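Each chain, letter by letter, is given below.
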Amino acid sequence: MKTQTYEQSHGAAKVVTGSAHLLDTGKSKVLVDCGMFQGVDEWRNYEPFAFDSREIKAVILTHGHLDHVGRLPLLYKYGFKGEIFAHPATFDIAKVVLLDSAKLQEEEYKTKFKKAQRIGKENIVKKPLYTVNDVKKMLKNMKKIEIEYKKPIKITKDITATFKDAGHILGSCFVEIDFNEFDIKKRVVFSGDLGNKDNNILPAPKKPTFADALFIESTYGDRLHKSFEESKAEFKKAVIDTLLSGGNVIIPSFAIERAQQILCILKEMSEEKTLPKNAKVFLDSPMADKVTKIYKKWHKMLRKDCQQYKDHPFEFPQLNLVKDVEESKKINSIDKGCVIIAGSGMCNGGRILHHFKHRIWNPKNAVLFVGYQAKGTLGRKIIEGVKHIRIYHEDVIVRAKIYTINGFSAHADQRELLEWMSEFEKLDRIFLIHGEYDKQLVFRDVIEKKMNKRAHIVEFREKIYL
Ligand SMILES: [Zn+2]
Ligand SMILES: [Zn+2]
């Protein structure tokens, strides 16, 4: 008996994180992404998969962000033995991301365990999902298949896929998947995360062709971004004003994409001589440093204006790479003229906290927020105007100037999502994934009004027949 092909989302359904979409043709099962749940949905990472990992023939990765690759080690743990298809730059980024995630999980476990021991409750502390060793073992055994943009590649006996540049982070793709359904050719497209055209390092997302069904991300389906140029001007002004008045600039930043965008702007300032010669820019994030090296390695994929710098699109005389914690501590003794870029991007941990402790009390300094700050994070509290924060059991007053610069998103906004969708020559069914439900409702209405098409908001583990 013939069975009908279906899609089933095991994450990123009515939420942004945990991307994992199963495609089952009856002949083969493949997974598009295998990402980690983050924030309030984190507990879901501990649930076993609702499918048999041993039956998955292949995994297609759209890009290397944790919410798209973070559950891969678990897939192996449960017996996955298939191939993984991704752009080589995605393999590079995923390696850094997974090792970092494992390390953080191990550290968090140790801290929680110690605390729990003191009250005799160590047995309720959740173990890490996986360790650095687990990831290393996985990386060694991984059957990596490196794709080329635009070149169709056989994923399984009955499934072929074409990967195209999504312009979201280095190596990101949207994927056109072809298979036969009752001897009729069908095409399903997964948008992955779609990039924001308006940026300074990556080319715009490529055009799609056609789809019988499209699964599209909807992270910013409800809003429009501020223009990049406007945000860049705001950024430059804040940096110059602070440095010229004898202060220091602290920039909490994500390690992937945002850190490189910021370095690129600072390089521009250095070249146009608006960044003072004696200023010291510190990239105080080992992970951002590793990712920047990957961006340099793949410099031919960057925007044309970045390519003129060949393998040094992010380097300039004022830049210092901070190697270890000792070097990081030494920055504290510098009185003025520093620009410090550090993680974590939402200030939940990492070296940024030390820099806050040493500098955020001083009204001469400035903090520049250049990325999204989720509810409940320290970053969000600061932009909402709290006057006191607690860092390492110490009360610190917030007197530094706080700037929120909004136009540096790596995601397409509502207008760009609609524009990209309108480029399909034929587009039958639309399914919304990778977005918060209230935002998806807004986006669904807009699609109906502006494109005269219905869109369906995908439920967690709902079977969608194609
Ligand atoms: Zn992403
Ligand atoms: Zn994502």
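Calculation rules
- Residue positions within a chain follow its written sequence, with the count starting from 1.
- Whichever chain is written first becomes A and whichever ligand is written first becomes 1, with later ones labelled in order.
- For this predicted model, a pLDDT threshold of at least 70 governs which residues receive local features, and a threshold of 80 or more governs which side-chain atom pairs are given and counted, while totals over whole chains, interfaces and linings are taken from all residues.
- Heavy atoms from the whole structure form the basis of all side-chain values; hydrogens and water molecules are not counted.
- With water omitted from the atoms examined, metal sites may look incomplete; donors here are N, O and S atoms no farther than 2.8 Å from the metal, or 3.2 Å in the case of Na, K and Ca.
- All geometry calls rest on donor angles, where a four-donor set with angles between 85 and 135 degrees is tetrahedral, four- and six-donor sets with opposite donors more than 155 degrees apart and all others between 65 and 115 are square planar and octahedral, and all else is irregular.
- Secondary structure elements follow DSSP: runs of H or I of four or more residues count as helices, runs of E of two or more count as strands, with numbering from the N terminus.
- Relative accessibility thresholds used throughout: buried, under 20% of the residue-type maximum; exposed, over 50%; partly exposed, between the two (1.4 Å probe, protein chains only).
- Residue ranges assigned to each domain were obtained from an automatic or database domain assignment.
- Residue contacts follow a heavy-atom distance rule, with two residues in contact if any of their heavy atoms lie within 4.5 Å.
- Buried area is calculated as the accessible area (1.4 Å probe) missing from two parts once they are joined, with the contributions of both summed.
- Salt bridges are counted wherever a side-chain nitrogen of Lys or Arg sits within 4 Å of a carboxyl oxygen of Asp or Glu.
- Arc definition: directions from the helix axis to the C-beta atoms.

(A) Molecular detail of the coordination of the zinc ion (ligand 1). Taken together, the protein ligands of the zinc ion (ligand 1) are His63 (NE2), His65 (ND1), His168 (NE2) and Asp193 (OD), with distances of 2.1 to 2.4 Å. Seen from the zinc ion (ligand 1), its four donor atoms lie at angles of 92 to 166 degrees, and the figure they make is irregular. Sequence spacing of the donor residues for the zinc ion (ligand 1), all on one chain, is H-x1-H-x102-H-x24-D. In this structure, the zinc ion (ligand 1) is positioned 3.4 Å from the zinc ion (ligand 2), and both are ligated by Asp193. Taken together, the positions of His63 in the loop between strand 4 (56-60) and helix 1 (66-69) and His168 in the loop between strand 8 (159-165) and strand 9 (173-181) put the pair 105 residues apart, joining distant regions of the chain. Exposure class is identical for His63 and His168. Each is buried.

(B) Broad picture of the domain arrangement of the protein chain. Under the domain assignment, the protein chain is made up of domain 1 (6-223 + 410-465) and domain 2 (228-404). Once you take the C-alpha centre of each, domain 1 and domain 2 turn out to be 29 Å apart. Facing the 23 residues of domain 1 at the interface are 21 residues of domain 2. Regarding the contact of domain 1 and domain 2, the summed buried area is about 2,100 Å², with carbon and sulfur atoms giving 67% of it. Applying the counting rule to domain 1 against domain 2 returns one salt bridge. Lys297 serves as the salt-bridge partner of Asp92, at 2.8 Å between the closest nitrogen and oxygen.

(C) Up close: the coordination of the zinc ion (ligand 2). For the zinc ion (ligand 2), the full set of protein donor atoms is Asp67 (OD), His68 (NE2), Asp193 (OD) and His434 (NE2), and the range of their distances to it is 2.1 to 2.3 Å. What the four donor atoms of the zinc ion (ligand 2) show is an angle range of 91 to 163 degrees at the metal, which sorts the shape as irregular.

(D) Up close: helix 10 (residues 352-359). By the burial criterion, the buried members of helix 10 are Ile352, Leu353, His355, Phe356 and Arg359. Viewed along the axis of helix 10, the buried residues span an arc of 160 degrees, placing them on a single side of the element.

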